Amino acid sequence: DHDPDILMFDVPPPLRSKGINEYSSTWDLFFQWHRPGDAFDVREIEITAGQDVAFGAALMHCSGTDAEGQHRELDFRLTIGLRKIDGRWQIVHEHHSVPVGVGA
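The structure contained in this document is the topic of the report that follows. Bear in mind that the values here come from a model prediction, so they are computed numbers and not experimental data.

1. Considerations on the nonpolar core
Point 1. Grouped together as the largest cluster of nonpolar side chains are 7 residues: A58, M60, C62, L74, F76, L78 and V98.
Point 2. Elements with a contribution of two residues or more to this core: β4 (53–65) and β5 (71–85).
Point 3. The contacts of F76, once residues within four sequence positions are left out, are F40, A58, L59, M60, H61, C62, H96, S97 and V98.
Point 4. If you look at the next biggest cluster of nonpolar residues, it comprises 6 residues, including M8, Y23, A54 and I91.

Next up, the structure:
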């Protein structure tokens with residue numbers, strides 16, 4: 001349910017992706033070390049919604065094994081912005097961040 005013109009700010013480069021094609025290509029990097037069945041947990045989430053605009057802020061955790069067999073873990077923050085378009089909620093903005101000094 002992502003808008004075709006989604007804007008995303010991410011932790012690893014590219015730091016900004018515009019449009020669903022650029023957004024989709026960022027998942028290739030993520031799946032280099034996160035396999036289906038690995039942990040991907042929402043630790044906390046808060047949602048604020050109006051009639052046609054909403055946002056959510058979450059603390060997230062994921063872990064997985066990279067291509068070299070190394071176990072990796074990452075705690076990160078996620079903020080999403082949504083708009084109701086033609087009666088359907090769509091994600092129009094997504095922002096991932098990590099505390100300073102923590103790498104992806």
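From this point, the narrative continues.
2. Some words on the pattern of salt bridges
Point 1. One pass over the structure, following the stated rule, counts 1 salt bridge.
Point 2. A salt bridge links R88 to D1; the shortest N-O distance between them is 2.7 Å. With R88 in strand β6 (residues 88–97) and D1 in the segment before β1 (2–9), this pair connects stretches of sequence that are 87 residues apart.
Point 3. Overall, R88 belongs to the partly exposed group, its relative accessible area being 42%.
Point 4. Of the residues examined, D1 reaches a relative accessible area of 59% and is grouped as exposed.

3. Examining unusual backbone geometry
Point 1. One non-glycine residue, D86, adopts positive backbone phi at about 55°.
Point 2. Along the polypeptide, D86 turns up in the loop between β5 and β6.

4. What to know about a nonpolar patch on the surface
Point 1. On the surface, a nonpolar cluster with roughly 320 Å² of combined accessible area is contributed by V42, I45 and I47.
Point 2. Residue position: I47 is located in strand β3 (residues 40–49).

Conventions used here
Residues numbered from 1 in each chain as written. Predicted model: local features only at pLDDT ≥ 70, side-chain atom pairs only at ≥ 80, totals over all residues. Heavy atoms only, no water. Core = buried A, V, L, I, M, F, W, Y, C linked by side-chain atoms within 4.5 Å. Buried < 20%, exposed > 50% of the residue type's maximum accessible area, 1.4 Å probe, protein only. Helix = DSSP H or I, 4+ residues; strand = E, 2+ residues; numbered from the N terminus. Contact = heavy atoms within 4.5 Å. Salt bridge = Lys/Arg side-chain N within 4 Å of Asp/Glu carboxyl O. Patch = residues over 30% accessible without salt bridge, like charges linked within 9 Å, V, L, I, M, F, W, Y side chains within 5 Å. Areas by Shrake-Rupley, 256 points an atom, 1.4 Å probe, with all protein chains shown as cover.

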